[in-house]
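Reading the structure
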Amino acid sequence: MFGLKSDWSLEVLPRYFTLEDYQGAEARWCPGCGDHGVLAAVHRICRDEQLEPERTVCVSGIGCSSRFPHYMRTYGFHGLHGRALPVACGIKARRPDLHIWVATGDGDCCSIGAAHWLHAIRYNMNMVVMLFDNNVYGLTKKQTSPTSRPGLKTNTHPFGAWLPPLNPIAATLGFPNVSFVAGTVDWNPPHVHATLQAAFRHKGLSFVHIAQRCPQYTPGVFAETQRDPSLLKLLTHERGISLDPALAKLLPNSVTHDPSDHSAALQLAQEEGVLPIGLFFQDESRPRYDDYIGRGLDMTIDEKLGALQAELDRFAV
Ligand code: SF4
């Protein structure tokens, strides 16, 4: 794009990115899958924030939601099962200038990737982690996941899952150095957008739990919550997720929650019978490992060689 300067010479105007600049391949999720809406929200946020596509990376593990990088026209890494977070942390360690979105599922993150989940939260590197929680392994055709509710009949538990499910929000709040935890539901697009935008703007690792519908294998899991909006508990606060008041009115069950109050956040996360959504916790003062590990990244090759030589000289005999 060009503009005309007053001295009649041409100047290159800054680039402007449209939604199409972020839209990758056509999504192959099932019709009605909650992942579609989240993808649309991420495209919009990339456009709203004018992220350079070449400086944006989407990283995933394995699962239905982990197909996310294919549907973004940015850099992407579709990794191994449970390994999205170490890949994302590795990218951030070497390229702190990149914007990183991580897509992971309840099986991917909370089971095989659980150790990485804990340490990524502790490392608190600047990125958005979206946990798509549909309470089941969808890609591998309906096995019990760590968040499956007791009684859910699956191919691994045909008489019903029977262990108590893991609560990803409560668990994350219990990890050391946690700095941002929020929750949303895929069937409320303005809330998904506002939550992911707040997550993107946070400095540190933003963990966003997304209750995600899987009409193929767990059609009943969120059906009642979707039908009855009072089963959602909207967390509101001046420093929380800002939602248009007209839309907030559609959610009659709301509570003011100060996101700096960690104990209250933990209590809310463990409430039974309702699904709280909004910002549970935020603390931008927590240390970020990318601040520490990024030192020296701007050194020239000669400076690096000099530093290496000086280090080796310390052990000269
Ligand atoms: Fe979505 Fe479920 Fe289909 Fe996977 S199986 S694409 S989670 S609806």
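Structure first, text after, so check above.
Residues numbered from 1 in each chain as written. Predicted model: local features only at pLDDT ≥ 70, side-chain atom pairs only at ≥ 80, totals over all residues. Heavy atoms only, no water.

Things to note about empty space enclosed by the protein
Enumeration over the complete set of coordinates arrives at 1 cavity of 30 Å³ or more. Taken as a whole, the largest cavity spans an internal volume of roughly 30 Å³. Lining the largest cavity we find Gly-82, Arg-83, Ala-84, Leu-85, Thr-104, Asp-108, Cys-109, Gly-113 and His-116. Looking at the lining of the largest cavity, the elements that each hand over two or more residues are helix 2 (84-94) and helix 3 (106-112). In the lining of the largest cavity, the residues fall into 3 nonpolar, 4 polar and 2 charged. (1 Å grid on protein atoms, 1.4 Å probe; cavity = no way out; pocket = protein on both sides within 12 Å on 5 of 7 lines; lining within 4 Å. Points joined across faces, edges and corners; volume = space filled by probe spheres on them. Helix = DSSP H or I, 4+ residues; strand = E, 2+ residues; numbered from the N terminus. Nonpolar A, V, L, I, M, F, W, Y, C, P; charged D, E, K, R; others polar.)

Observations concerning the site of the ligand
Around the ligand, the structure places Trp-29, Cys-30, Cys-33, Cys-64, Asn-134, Gln-212, Cys-214, Pro-215, Gln-216 and Tyr-217. Applying the majority rule of atoms within 2 Å of the grid points places the ligand in the second largest pocket. Of the residues assigned to the shell around the ligand, the class counts are 7 nonpolar, 3 polar and no charged. (Near = heavy atom within 4 Å. Sits in = over half its atoms within 2 Å of the grid points.)

Remarks on helix 6 (residues 189-201)
With 13 residues, helix 6 extends 18 Å between its outermost C-alpha atoms, agreeing within 8% with the 18 Å of an ideal straight helix rising 1.5 Å per residue. Along helix 6, the positions that sit buried rather than exposed are His-191, Val-192, His-193, Ala-194, Thr-195, Leu-196, Gln-197, Ala-199 and Phe-200. (Expected span 1.5 Å × (residues − 1). Buried < 20%, exposed > 50% of the residue type's maximum accessible area, 1.4 Å probe, protein only.)

Description of the environment of Phe-207
Tracing the chain through its elements places Phe-207 in strand 10 (residues 205-211). Residue class for Phe-207 comes out buried when judged on its relative accessible area of 0%. Along the sequence, Phe-207 and Gly-183 sit 24 residues apart, while their C-alpha atoms lie 8.4 Å from each other. Sequence-distant contacts of Phe-207, that is, excluding residues within four places in its chain, are made with Trp-117, Ile-121, Val-129, Leu-131, Pro-168, Thr-172, Phe-180, Val-181 and Ala-182. (Contact = heavy atoms within 4.5 Å.)

A few points about the packing of aromatic side chains
Evaluation of the coordinates by the stated rule reveals 10 aromatic pairs. Seen in terms of ring centroids, Trp-117 and Phe-175 are 5.1 Å apart; in terms of plane orientation they differ by 80°. Their pairing is edge-to-face. Here Phe-175 lies in the loop between helix 5 (168-174) and strand 9 (180-185) and Trp-117 lies in helix 4 (residues 114-123), a separation of 58 residues in the sequence. We note that Trp-117, like Phe-175, is buried. Within the aromatic cluster, the residues linked to one another by ring pairs are Trp-29, Phe-68, Tyr-71 and Phe-132. (Phe/Tyr/Trp six-rings, centres within 6.5 Å; stacked < 30°, edge-to-face > 60°.)

As for the side chain of Gln-212
Looking at the element boundaries, Gln-212 is found in the loop between strand 10 and helix 7 (223-227). By relative accessible area, Gln-212 is classed as buried at 3%. Side chain to side chain, Gln-212 and Asp-35 meet in a polar contact 3.1 Å long. (Polar contact = N/O pair within 3.5 Å; in protein donor to acceptor, adjacent residues only side chain to side chain.)

Looking at the side chain of Gln-197
The topology assignment puts Gln-197 in helix 6. Not counting residues within four places of it along the chain, the set of residues in contact with Gln-197 comprises Ile-45, Asp-48 and Glu-49.

Observations regarding the sheet that holds strand 5 (residues 99-105)
On the basis of which strands lie adjacent, the open sheet formed by 9 strands has the order 4-3-5-6-10-9-13-11-12 and mixed pairing. Both outer strands of the open sheet, strand 4 (75-78) and strand 12 (254-256), are each paired with one neighbouring strand and no more. When strand polarity is set aside, the average angle formed by the axes of neighbouring strands in this sheet is 20°. Direction of pairing for strand 11 (residues 232-236) relative to strand 13 (residues 275-282): parallel, over a ladder of 3 bridges. Considered in strand 13, the bridge of Lys-233 is made with Pro-276. (Pairing = 2+ DSSP bridges. Axes fitted to C-alpha atoms, helices over the stretch in contact; angles between N-to-C directions.)

Details of helix 4
Of the positions making up helix 4, those classed as buried are Trp-117, Ala-120 and Ile-121. Along helix 4, the residues classed as buried sweep out an arc of 100° about the axis, all on the same side. Lining the buried residues of helix 4 we find helix 2, helix 3, helix 5 and strand 10. Where helix 4 ends, the next residue or the one after it, Asn-124, has phi of about 50°, a positive value. (Arc of directions from axis to C-beta.)

A look at the nonpolar core
Core analysis: the biggest nonpolar cluster contains 33 residues, and Val-102, Trp-117, Met-127, Phe-207 and Phe-280 have the highest contact counts within it. If one sorts the elements of this core by residue count, helix 2 sits on top with 5 residues. Not counting chain neighbours up to four residues away, the residues in contact with Phe-280 comprise Ile-169, Val-181, Ala-182, Gly-183, Leu-235, His-257, Pro-259, Ala-265, Leu-268 and Ala-269. (Core = buried A, V, L, I, M, F, W, Y, C linked by side-chain atoms within 4.5 Å.)

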